[in-house]
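Structural overview for review
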Amino acid sequence: MNWTLKKAEKKDSIRINELFIEMLQTIYNTDQVDGYSEGDLDRFFDGRDEWVCVAIDDDNIIAFLSIEVHHEDIEYIYLDDLSVTKQYRNKGIGTELIQMAEDYAKEINIHEICLHVEKSNSGAFRLYERLGYEIYEDQGSRYLMLKTMECQFGK
């Protein structure tokens, strides 16, 4: 398996939605889940700071990570959705996608990256902990996790 990472294009939306549904089915252990609503992904393809990174193997999208940039009182990146199709899990793809987001944070000099993880998703929780994310807040059924990045300009 020789996957590559790239910035997703609008034409990738259908496959990204399929992977999103697969992720929800795995987390909630049911087939009764809804994908993205029409237009939900459009903001990732409008040329602004938000984007989706995909992993591709043999011209097939096998994983994705959506990356949101927030310019609020504290600038931060939010990792919204991460999904790796079942047969490609535990091969380092999720790690590579997150590292690409972290590299992007460094490029744009943002120090904070956060994400949510369902408490029931122990595999994802272990991945995020291994990559240096710490529980910032217990939100009932899920955790808000945070990682502070070292940036090139030492802001």
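Provided above is the structure to which this section pertains.
These numbers were taken from a predicted model, which means no experiment stands behind them.

Once that is clear, we can look at the packing of aromatic side chains. Two numbers describe a pair of aromatic rings. These are the distance of the centres and the angle of the planes. Within the structure shown, the criterion is met by four aromatic pairs. Ring centres of Phe20 and Tyr36 lie 3.9 Å apart, and the angle between their planes is 15 degrees; this geometry places the pair in the stacked category. With Phe20 in helix α1 (residues 13-28) and Tyr36 in the loop between α1 and β2 (51-57), the pair connects residues that are 16 residues apart, well separated along the chain. The pair formed by Phe20 and Tyr36 is uniform in burial state, with each residue classed as buried. Their ring planes at 65 degrees and their centres at 6.3 Å tell us that Tyr128 and Tyr133 sit as a pair that is edge-to-face.

Ranked by internal contacts, the top residues of the largest apolar core, which has 33 residues, are Ile67, Ile77, Leu79, Ile93, Ile98, Tyr128 and Tyr133. Among the elements of the structure, β2, β3 (60-71), β4 (75-84), α2 (93-107), β5 (112-118), α3 (122-130) and β7 (142-148) are those that each provide at least two residues to this core. Take this core: its biggest share by element is six residues, from α2. Excluding anything up to four places from it in sequence, Ile93 contacts Trp3, Ala55, Ile62, Ala63, Val84 and Tyr88. Judged by nonpolar contacts, the second largest core, of 16 residues, contains Leu19, Val52, Ile61 and Phe64.

As a packed pair, α2 and α3 sit with axes 11 Å apart at the nearest point and diverge in direction by 50 degrees. With respect to each other, α2 and α3 are oriented oblique. Crossing angle aside, the handedness with which α2 passes α3 is right-handed. Between α2, through Gly94, Thr95 and Ile98, and α3, the contact on the second element is made entirely by Leu127, Tyr128 and Arg130. Looking at the contact of α2 with α3 residue by residue, the class counts come to three nonpolar, two polar and one charged.

Now for α2. Helix length check: α2, at 15 residues, gives a terminal C-alpha distance of 21 Å against a target of 21 Å (1.5 Å per residue), a fit within 8%. Buried residues of α2: Ile93, Gly94, Thr95, Leu97, Ile98, Ala101, Glu102, Tyr104 and Ala105, and no others. One or two residues past the end of α2 sits Asn109, with phi positive at roughly 60 degrees.

With that settled, consider the environment of Leu146. Locating Leu146 in the fold gives a position in strand β7. Residue classification places Leu146 among the partly exposed residues on the basis of a relative accessible area of 23%.

Conventions and cut-offs
- Residues numbered from 1 in each chain as written.
- Predicted model: local features only at pLDDT ≥ 70, side-chain atom pairs only at ≥ 80, totals over all residues.
- Heavy atoms only, no water.
- Phe/Tyr/Trp six-rings, centres within 6.5 Å; stacked < 30°, edge-to-face > 60°.
- Helix = DSSP H or I, 4+ residues; strand = E, 2+ residues; numbered from the N terminus.
- Buried < 20%, exposed > 50% of the residue type's maximum accessible area, 1.4 Å probe, protein only.
- Core = buried A, V, L, I, M, F, W, Y, C linked by side-chain atoms within 4.5 Å.
- Contact = heavy atoms within 4.5 Å.
- Axes fitted to C-alpha atoms, helices over the stretch in contact; angles between N-to-C directions.
- Parallel < 35°, antiparallel > 145°, perpendicular 65-115°, else oblique.
- Left-handed = near helix turned anticlockwise from the far one by under 90°.
- Nonpolar A, V, L, I, M, F, W, Y, C, P; charged D, E, K, R; others polar.
- Expected span 1.5 Å × (residues − 1).

Read these as layout, nothing more, since geometry by itself doesn't imply function.
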